[in-house]
Structures are given as C-alpha cells and as structure tokens.
Number of protein chains: 2
Amino acid sequence: MKKFSSDQPLTLSSGKTLPSFKIAYDTYGTLNATKSNAILICHALSGDSHATNLNSETENPGWWQLMIGPGKPIDTDQFFVISSNVLGSCYGSTGPISTNPETQGPYHLSFPVITIEDMVNAQAKLIDYLDITTLFAVIGGSMGGMQTLQWSISHPNRVKKAIVIAAAAQLGPQSLAFNTVGREAVLTDPKHGLSIARMIGHITYRSDESIGTKFGRKLQENADYGYAFSTEFEIESYLKYQGEKFVNRFDANTYLYLSKAMSYFDLIKTYGSLESAFSPCTAQFLIMSISSDWLYPSKQSRELAKSLIKLNKTVSYCEIDSPHGHDSFLMESDQLSTMIRCFLGSKS
Amino acid sequence: MKKFSSDQPLTLSSGKTLPSFKIAYDTYGTLNATKSNAILICHALSGDSHATNLNSETENPGWWQLMIGPGKPIDTDQFFVISSNVLGSCYGSTGPISTNPETQGPYHLSFPVITIEDMVNAQAKLIDYLDITTLFAVIGGSMGGMQTLQWSISHPNRVKKAIVIAAAAQLGPQSLAFNTVGREAVLTDPKHGLSIARMIGHITYRSDESIGTKFGRKLQENADYGYAFSTEFEIESYLKYQGEKFVNRFDANTYLYLSKAMSYFDLIKTYGSLESAFSPCTAQFLIMSISSDWLYPSKQSRELAKSLIKLNKTVSYCEIDSPHGHDSFLMESDQLSTMIRCFLGSKS
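What this report covers is the structure whose coordinates are included nearby. No experiment lies behind these values; they were computed from the predicted model shown.

Parameters and conventions
- Residues numbered from 1 in each chain as written.
- Chains lettered and ligands numbered in written order.
- Predicted model: local features only at pLDDT ≥ 70, side-chain atom pairs only at ≥ 80, totals over all residues.
- Heavy atoms only, no water.
- Least-squares fit on C-alpha atoms with pLDDT ≥ 70 in both.
- Axes fitted to C-alpha atoms, helices over the stretch in contact; angles between N-to-C directions.
- Helix = DSSP H or I, 4+ residues; strand = E, 2+ residues; numbered from the N terminus.
- Parallel < 35°, antiparallel > 145°, perpendicular 65-115°, else oblique.
- Left-handed = near helix turned anticlockwise from the far one by under 90°.
- Contact = heavy atoms within 4.5 Å.
- Nonpolar A, V, L, I, M, F, W, Y, C, P; charged D, E, K, R; others polar.
- Buried area = accessible area lost by both parts, 1.4 Å probe.
- Salt bridge = Lys/Arg side-chain N within 4 Å of Asp/Glu carboxyl O.
- Polar contact = N/O pair within 3.5 Å; in protein donor to acceptor, adjacent residues only side chain to side chain.
- Pairing = 2+ DSSP bridges.
- Buried < 20%, exposed > 50% of the residue type's maximum accessible area, 1.4 Å probe, protein only.

**Some remarks on the relation of the copies chain B and chain A**
Inference 1: Superposition of chain B onto chain A requires a rotation of 180° combined with a translation of 0.0 Å along the rotation axis, giving an RMSD of 0.0 Å. Taken together, these values place the two copies in the relation of a two-fold axis.

See the structure below:
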C-alpha cells in the first residue's frame, strides 16, 4: 500500500475544509510512456486499496482479484491500474480514525461529513500527483459506481471510459431506509450496532433466492429445534459471523461517514436532473446492473442509460443475469468479465 | 378486555409445561343460540385483543376497526367475534412479563419458548371455555395467518372457514434472515435493539414503491443537507418514531418469543409436506396475498392454495392488488373487504 499526502487543504461539499489529507492506494501494471493506459478502480463501502493484492494486515486476498491481473478482464499486462482507498475510510486514507492536525487527537465524530464528490476530488489530487491527465477508465461497483458517475461529471475531460456497476444516481427509497437504520444502529450502540448494520447489509447484498439456495431454513447442528434463543438457523450463524468479522475489521464511525455519503449521493438533487448532471460528460459509458439486485434495482441503471442516450452520449447497458443479488459484481461472472474486457478493448 | 384463566397445565411443543395460563380476549356481537356464529380473529406480532375496540391503556383504536363492526365485512350484527391475545404476548396473556407461579417473580427469559401451535392450543382452551364447539371462521393476517393455518390443521373439525391473509407455511429465506437479525439486535441490547428491530420490521412491512410515494428522499426540515448525523430524511424520522413508539409499548423479551415462534413455524418441517399438513382439514379456505408483499410473497400463498387443491379441499385464492406491501391487510381495501364479506356470507 502506498500513500499520497496532500498538504493542500481540500474544500468539502459541506463548505468545511480538511487542512491536509492522505489517500492510500495500490497500483498494478505499468504506466505507459504516453500515460494513456491508467485505470482507476473505485471500491464499495467496506473496500480498501487492495483490489488485487494481499492485504498484509488482514491477510485477505484483493477484493477484485477475479477481475484485475495479468490477462484478466482488467488486464495489468496492458493497463496501469490504480486502486485508491476513499477519503473517509479507515483503511489508510484520512478519515474519522485519523489524527486531526489541529488537535493532535483522533477526529472520530469531529471529522467533517463528506460526500461522494469529496471522495472523487481527493482521488483527483492523487491522479494529479501521479501526473496522469486523462484516465483511460474509471470503474466501480456499488459506492464505487457512484464515484465513477461522479468522476465522469466532475472531471468530464479526464475520463475516457466509465464502467458503472450495480449503482444508481441516488439510493432508492427502500435502500435509503435500510441505510438510515444501519446508521441508527451504530449511533445508539457503536459496537453491537455495527454488527447489526452489517447483518442487515448482508441480507440486502444477496437475493431471497440466493439466501434460499445457500441457507434456506437449514439448522446449524441439530435436526430439531432447540427451543432456546441460541443461534440455530444457518443463516443466523452466517449473518452473526459476518457482523462480528466486520466489527473486528471496520471502524464504526467510518461506517457512519461512508453510509451518509451514499445517502447524500443524489445526482438529481445536486444537478437538477440526470440530463443536467450528464450534460458535460465526454466519457463512453458501460452501465451494468444485476437482475436480482434489489438494493440497486436494474430500473435505476436503465434510467442512467436512458438519460445518457437522450443526451446522445455513448452508452452501453447490460443487465447481468445472476441470482446472487447486489454482491454478484464481486463474484465470478462470465457476463461481467466479458463485458468489461470488451468495453476496455486493447491499449496495445 | 376479558381474561380467561386456565388452572390446567398446558403442554408445549418444546415438551415443557406451563402450570397455568391466562388468555386476554375481547368479544363483539352476540353468540347465537346454536353457537354457530363465532369467528376467531388472530393478530399479528405486535397486536392485541383490541381488534375493534379502543385500548383504554394506549388509547389506540382497535387494530382492525376497518374490518370488524356492525355492517362491516366481519359483521358484528351477524357474528360473535372473539379476538384473543396470543400466548406469549405482553398484552394480557401469559408471557415473559407474567409472574411465574413457581418463583413468584416475572418469567422474563425463563419463559419457555413457544410455537404457533402452542398459541393455537391455548386459544382452543379459551374456545372450550366459551362453550363453542365449532368456529364459523378463523381469520388472521401475517402471524395471525399462521395461527389460522394451524387452527385448520390442529382442530380440523372445529373450523368451518379459514381466512389466511399475507401468510405462508413457513417464513421465506429473506424473511427468516430479517427475523434473526431483529432478535440479534434485541439480544445484544434490549432497548435500542427493540427499536432497531422495529425499524427493520417497518421497512419490510412496506414496499419500495410505498416508501417512495410517502417519503421518497424528502428531507424533514431544510431544503439542503445538514452535513451532520442528526435525523434528516423523512423516512429516517418516520422509522425512528416507529422504533421509539414500539419500545414504549412493547416488551423486548416478548418480541423475542413471538419472533422465534414465527421463525419456527414450518408446516413442511412439522408435517413432512404441505399435503400431509392439510390432509385432515375440513375447512373452506380463503387464501389471500398482497401483490407488493415481499415479506410473505404471493408465491408462498399460491403454494398453500395449490396444495389444498391437490387434496381436493375447498379453497379460493386471491392476490390483493395493492402497492402498500405486507401491511396492506391492515389498510382500507375494497378488494380485501369484499373478498372477506363474500366468503363469510350470511349467518342470518
């Protein structure tokens, strides 16, 4: 993991200013002489910069190893891939667990509320620092897709291709509701609440069908009910495990900030309409949704595509046929791989 | 509110025994001379016996006033309507807040885990006590629908008509998952957890569309974001209000018991198959689902109806067309009212 440090202040959407900030990032592949083969990868809420390399702290493999590497759809033999940890995260970039230079203590909840636009502006400083003018592509799923959309709008001349997966111009009503409940759980009880928020999250990241196929109503140990409140159903055990694992690896305040940034993301509110938002864009878009994703329903992705078509922008839309729900974009998928590989084409 | 007290022990599904128990109930209308016009109403998780009369404690109107009363679909001019509070509830029946006669202290979590079958067996004792052999109808939605199904199976000769609304033979995978998270929230933090569980519940009781229509992404007070973690979105405020209201009116342990009873309810596991479960039934069935209900999807109601058809039982199935999700059965609905009125017919 590398770190980019900016001593320049960053003005945020809220009007507040971060006096300085750091962005953690990793790179894979080699930047070519004309600096025209750089791809920026944007991660989702719980992600980090380790897109395709081992995280030495957690010993987890990269979260998008399936997609990025030599000969893979995002081919590091051809592309120089930059994976940046977002502003506000707890994985190396400046966020609530960082030291406030003004107080020398940790920010915690005194960290300013940030937006997806703030994350993108901080990433843009990293790209400046890497001396790259134009990104060949920006790619992201979920919160990463929001960043990708924002990149194409805020920096229209710096993005040649934008791949937006399982994302939307704004969280839909139900998804916004779940987001607020997750924050409420953390606000009332940071530790247990973070676990509960993550359990809710994991239900929303999967489809009813995929929970059914993997867990159904299976009991963990015994054939019959135990008539007690101990963990019995396999799905219960799985969700509790996910909740506890998350508490051990993630900061509760960071969850609040990133969740709030997602709740705030709203291209229609910010720009008046999707057409106004996309009007300056010059990127070619690939918008992809997942058929069983109910957190970011396909309908919302189609709305993105329709607005771009209305503006005569270049856009491809594809609904990935998968029963696994929102998290499908992190799983093995020939459709997803082929679409990304073909859309990126060859830089050689 | 009336109370039925049984000094006879009640053997539970778990094999444990309640030495004695009370069931709170209300009645509306008059039992006819042949005792053939009695209808039992079964309530959902948070319900009580006050189906159509003011609850003097909470000052809430009856939870199914729309449906029960003189001239209404469940017509108290014709029928003698019994609304019983379930075993395990905190609204007058024996449950976790009751005094354990053996210790003279409250049961709390020493109350035995109960099932829908246990609730129905306790209700049957109440019906015995009222000297009613056969119920003209048993009617319930959600957890009340589970009780209705169980009544038709456990007491096949005592139920002439069964109206099962927005229920299923078992919670589906996603609904079971949400149920386990609600309990986990309460188990880790009874007070805040109960509020969080209720907030999750309220999302699942509505559809994405109905949350969108009523709340969407509207902000509570200001036109612009406040860049703070205070309550901002209307949906956030609504859910918090519902959570807090529930904490003030409901017992956290009771939530655990009733939620567990719903998770345990599984006609397929208990009887081997739906066909085996329904085989002894003599009731005429009206199965109704709600088009936008994703907690008890229509698919599951159709499975109930198909099994009954396979067995040559008398069954009508109707999908109520409503955008309001699971809770539609508590709302004004001409379709629902008409179906219930016609199915019950006239006893005069």
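Picking up where we left off.
**Digging into the packing of helix H3 (residues 173-188) of chain A against helix H7 (residues 252-264) of chain A**
Residues and elements named next belong to chain A.
Inference 1: The interhelical angle for the contact between H3 and H7, taken along N-to-C directions, is 155°, at an axis separation of 10 Å. Between H3 and H7, the angle is such that the two are roughly antiparallel. Seen from above, H3 lies across H7 with left-handed handedness. For the pair formed by H3 and H7, the contact residues are Leu176, Asn179, Gly182, Arg183, Val186 and Leu187 on the first element and Ala252, Tyr255, Leu256, Ser259, Lys260, Met262 and Ser263 on the second.
Inference 2: Taken together, the residues of the contact of H3 with H7 break down into seven nonpolar, four polar and two charged.

**Focus on the packing of helix H1 (residues 116-129) of chain B against helix H2 (residues 143-154) of chain B**
Residues and elements named next belong to chain B.
Inference 1: Look at H1 against H2: their axes get within 9 Å of each other, and the N-to-C directions meet at 70°. Between H1 and H2, the angle is such that the two are roughly perpendicular. Of the two possible hands of crossing, H1 and H2 adopt the one that is right-handed. Contacts between H1 and H2 involve Ile116, Glu117, Met119, Val120, Gln123, Ala124 and Ile127 from the former and Met143, Met146, Gln147, Gln150, Trp151 and Ser154 from the latter.
Inference 2: Grouping the constituent residues of the contact of H1 with H2 by class yields eight nonpolar, four polar and one charged.

**Regarding the interface of chain B and chain A**
Inference 1: Across the contact, 57 residues belong to chain B and 57 residues belong to chain A.
Inference 2: For the pair chain B and chain A, the summed buried surface comes to about 4,900 Å²; carbon and sulfur atoms form 69% of the total.
Inference 3: The largest contributions to the chain B side of the interface with chain A come from B:Arg217, B:Tyr227 and B:Phe229, which together make up 18% of the buried area.
Inference 4: The interface formed by chain B and chain A includes nine salt bridges.
Inference 5: The shortest N-O distance in the salt bridge between B:Lys260 and A:Glu232 comes to 2.7 Å.
Inference 6: Counting across the interface, chain B meets chain A through 22 residue pairs in polar contact (both at pLDDT 80 or more).
Inference 7: Contributions of two or more residues to the side of chain B that touches chain A are made by helix H3 (173-188), helix H4 (190-205), helix H5 (208-214), helix H6 (234-249) and helix H7 (252-264) of chain B.
Inference 8: When residues of the side of chain B that touches chain A are assigned to their parent elements, the largest contribution, twelve residues, is made by H3(B).

**A short note on the sheet that holds strand E11 (residues 284-290) of chain B**
All names here are of chain B.
Inference 1: A sheet is described by the order of its strands in space; here eight strands give the open sequence E1-E4-E8-E5-E9-E10-E11-E12, paired in mixed fashion. At either end of the open sheet lies a strand with only one pairing partner, and these are strand E1 (2-6) and strand E12 (315-320). The sheet shows a mean angle of 20° between the axes of neighbouring strands, direction not considered.
Inference 2: As defined by bridge partners, strand E10 (residues 159-165) adjoins E11 across five bridges and the pair is classed as parallel.

**Considering the sheet that holds strand E8 (residues 80-84) of chain A**
Residues and elements named next belong to chain A.
Inference 1: Spatial ordering of the open sheet is given by E1-E4-E8-E5-E9-E10-E11-E12, a layout of eight strands whose pairing is mixed. Both outer strands of the open sheet, strand E1 (2-6) and strand E12 (315-320), are each paired with one neighbouring strand and no more. Ignoring strand direction, the axes of neighbouring strands in this sheet form an average angle of 20°.
Inference 2: Running at roughly 60° to strand E4 (residues 21-28), helix H1 (residues 116-129) makes contact with E1, E4, strand E5 (38-42), E8 and strand E9 (135-141) of the sheet.

**Some words on the pairing of E9(A)**
All names here are of chain A.
Inference 1: For E9, the tally of buried residues reaches seven of seven residues, placing the bulk of the element in the interior.
Inference 2: Note: E5 against E9, four bridges, orientation parallel. Bridge pairing links Ile39 to Ala137 in E9.
Inference 3: Relative to strand E10 (residues 159-165), E9 runs parallel, the two sharing six bridges.

Read these as spatial facts, not as claims about activity.
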